Amino acid sequence: MKGLREIRKKRKLNQQKVALDLNISRESISFYENGKKEPSLALLIAMSKYFNVSIDYLITGKDFEKK
C-alpha cells in the first residue's frame, strides 16, 4: 500500500496517531505499509475517508485513471 505511507507522511502523521484515530494497532499500520498484511474492505473505506483520498490512491499511490 504505497499510498498509505505516502499520504501519512505528507500529512505529518505518525503510525501511532493514525492507528489510534482508526482504532487499530500501530503494528497493523506498519504491516499494511510494508505489504505484510492487507486491510479489510471496511478498513480501506475508513482510511479513504480519514485521509480524504481514493482507495486506489491508498493502494497504488496514484489516483484512478479512466481510459
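Located above this text is the structure these notes cover.
Thresholds, definitions, all that
- Residues numbered from 1 in each chain as written.
- Predicted model: local features only at pLDDT ≥ 70, side-chain atom pairs only at ≥ 80, totals over all residues.
- Heavy atoms only, no water.
- Phe/Tyr/Trp six-rings, centres within 6.5 Å; stacked < 30°, edge-to-face > 60°.
- Buried < 20%, exposed > 50% of the residue type's maximum accessible area, 1.4 Å probe, protein only.
- Helix = DSSP H or I, 4+ residues; strand = E, 2+ residues; numbered from the N terminus.
- Contact = heavy atoms within 4.5 Å.

## A few points about the packing of aromatic side chains
Item 1. Within the structure shown, the criterion is met by one aromatic pair.
Item 2. With a centroid separation of 4.8 Å and 85° between ring planes, the pair formed by tyrosine 50 and phenylalanine 51 is classed as edge-to-face.
Item 3. Residue classification places tyrosine 50 among the partly exposed positions, given a relative accessible area of 27%.

## Some thoughts on the side chain of serine 48
Item 1. Here serine 48 shows up in helix H4 (residues 41-51).
Item 2. The class of serine 48 is buried, set by a relative accessible area of 14%.
Item 3. In contact with serine 48, other than residues within four places in its own chain, are Val53, Ser54, Ile55 and Leu58.

## Topic: helix H3 (residues 26-33)
Item 1. If you check which residues of H3 are buried, you get Ser28, Ile29, Ser30, Tyr32 and Glu33.
Item 2. Of the surrounding secondary structure, the elements contacted by the buried residues of H3 are helix H1 (2-10), helix H2 (15-22) and H4.
Item 3. Phi turns positive, to about 75°, at glycine 35, one or two residues after H3.

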